[in-house]
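A structural walkthrough
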Amino acid sequence: MNAFLAEFIGTAILVILGNGVVANVLLNRTKGNNGGWIVITAGWGLAVFVAILCVDKFSGAHLNPAVTLALATAKKFNEQFHGWRDVPMYIVAQMLGGIVGGTIVYVFYREHYKITDDANAKLGTFATAPNIRSLPASFICELIGTFMLVFPIFCKVDPSMGLGALGALPVGLLVFAIGLSLGGTTGYAINPARDLGPRIAHAFLPIPGKGSSDWQYAWVPVLGPIAGGLLAAGLARLIL
């Protein structure tokens, strides 16, 4: 399996399981309906664990444009990832994986989308949104959340293997911790592909009763995580 395919498959798995748990909690008449925030954050942590487990040895399991850009900035390369020349390929694969993953979640829960009236809940199964509408504040939250994803990896080990550098389980627990502690404001995208890819799927899928895809907010979970990843890379180069 080449790195492009691995990043595509890994990101699709990440979104299928991560957005899938959101759909299970938010949509009407699911087994997990009203399961709450802890179920969502646990599901996302486990989604990261499974995705890394599947593709780490093939691509380094970046699964996140913010991580890819941070590794390129910090000049942390390995035999799969060759730095800036591979950045566009990795990001395209991640975005396509996010779109496909979001589409599969819709297909899986299609009957439950039909009986759910809340358009915001439907969008929430694809993309994030802030609980208090402040774009600058949300940007800072996404920046800090992604910094707390990337910087611990730089601190712990030589992160040349992407998210897989720490091993699948520790990174899954890290994402779980970020969600519990820092996810309450924006829903902690901390990954442009996880948010923008499924948001694009939401825009074109024939979801009954869907509302806006909220493109006014869409830049926040893209640029915030990228800024957080670059800040983590810059600080790591400075002090480590």
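The text that follows walks through the structure, step by step, so that each part is easy to find. The model shown is predicted, which means the values in this text are computed figures rather than measured ones.

Observations concerning the nonpolar core
Formed by 43 residues in total, the largest nonpolar core has its most connected members in Leu-14, Trp-44, Ile-52, Leu-63, Leu-149, Val-150 and Phe-154. When sequence neighbours within four positions are dropped, the list of residues in contact with Trp-44 reads Leu-14, Val-15, Gly-18, Asn-19, Val-21, Val-22, Val-175, Tyr-188 and Arg-194. By size, the runner-up hydrophobic cluster in this structure holds 11 residues, among which are Ala-23, Val-105, Tyr-106 and Ala-201.

Quick notes on the layout of surface pockets
Estimates place the volume of the largest pocket at around 480 Å³. Taken together, 24 residues make up the lining of the largest pocket; nearest its centre are Leu-26, Gly-124, Ala-129, Asn-131 and Gly-187. Listed by contribution, the elements that provide at least two residues to the lining of the largest pocket are helix H1 (3–26), helix H2 (37–59) and helix H6 (119–124). Partitioned by chemical class, the residues of the lining of the largest pocket number 11 nonpolar, 10 polar and 3 charged.

Details of unusual backbone geometry
Positive phi, close to 55 degrees, is recorded for Ala-61, a residue that is not glycine. Ala-61 sits in the buried class, given a relative accessible area of 0%. Unlike most non-glycine residues, Tyr-188 shows phi in positive territory, near 40 degrees.

Some thoughts on the environment of Ile-104
Structurally, the position occupied by Ile-104 is in helix H4 (residues 87–108). Measuring from C-alpha to C-alpha, the distance between Ile-104 and Val-220 comes to 24 Å, with 116 residues separating the pair along the chain.

Some remarks on H2
End to end, H2 covers 31 Å across 23 residues, agreeing with the expected 33 Å (1.5 Å per residue, within 8%). In the structure, H2 departs most strongly from a straight axis at Leu-53, where the bend amounts to approximately 40 degrees. Within H2, burial applies to Ile-40, Thr-41, Gly-43, Trp-44, Gly-45, Ala-47, Val-48, Ala-51, Ile-52, Val-55 and Ser-59. Where H2 is buried, its residues meet H1, H4, helix H8 (168–182) and helix H9 (192–204). Phi turns positive one or two residues past the end of H2, at Gly-60, with a value near 90 degrees.

Quick look at the pattern of salt bridges
Within the structure shown, the criterion is met by 3 salt bridges. Of the charged contacts in the structure, one is a salt bridge between Glu-111 and Lys-114, with a shortest N-O distance of 3.2 Å. Within this pair, Glu-111 and its partner Lys-114 are both found in helix H5 (residues 110–114), separated by 3 residues, close to a single helical turn. What makes Lys-114 partly exposed here is its relative accessible area of 43%.

Notes on helix H7 (residues 135–156)
Taking 1.5 Å as the rise per residue, H7 with 22 residues should run 32 Å; its terminal C-alpha atoms sit 32 Å apart, in good agreement. Residues of H7 that are buried: Leu-135, Ser-138, Glu-142, Leu-143, Gly-145, Thr-146, Phe-147, Leu-149, Val-150, Phe-151, Ile-153 and Phe-154. Contact partners of the buried residues in H7: helix H3 (65–73), H8 and helix H10 (220–239).

What about empty space enclosed by the protein?
Taken as a whole and judged by the stated rule, the model has 2 cavities of 30 Å³ or more. Counted as a void, the largest cavity has a volume near 170 Å³. What lines the largest cavity is a set of 14 residues, among which Leu-14, Val-48, Ala-189, Ile-190 and Asn-191 lie closest to the centre.

Examining the environment of Leu-169
Within the secondary structure layout, Leu-169 lies in helix H8. Residue Leu-169 is classed as partly exposed on the basis of its relative accessible area of 49%. Spatially, the C-alpha atom of Leu-169 lies 8.1 Å from that of Leu-46, the residues being 123 residues apart in sequence.

Cut-offs used in this document
- Residues numbered from 1 in each chain as written.
- Predicted model: local features only at pLDDT ≥ 70, side-chain atom pairs only at ≥ 80, totals over all residues.
- Heavy atoms only, no water.
- Core = buried A, V, L, I, M, F, W, Y, C linked by side-chain atoms within 4.5 Å.
- Buried < 20%, exposed > 50% of the residue type's maximum accessible area, 1.4 Å probe, protein only.
- Contact = heavy atoms within 4.5 Å.
- 1 Å grid on protein atoms, 1.4 Å probe; cavity = no way out; pocket = protein on both sides within 12 Å on 5 of 7 lines; lining within 4 Å.
- Points joined across faces, edges and corners; volume = space filled by probe spheres on them.
- Helix = DSSP H or I, 4+ residues; strand = E, 2+ residues; numbered from the N terminus.
- Nonpolar A, V, L, I, M, F, W, Y, C, P; charged D, E, K, R; others polar.
- Expected span 1.5 Å × (residues − 1).
- Bend = angle between axes of the 7 residues up to and from the residue.
- Salt bridge = Lys/Arg side-chain N within 4 Å of Asp/Glu carboxyl O.

Note that all results are geometric; they support no functional claim without further evidence.
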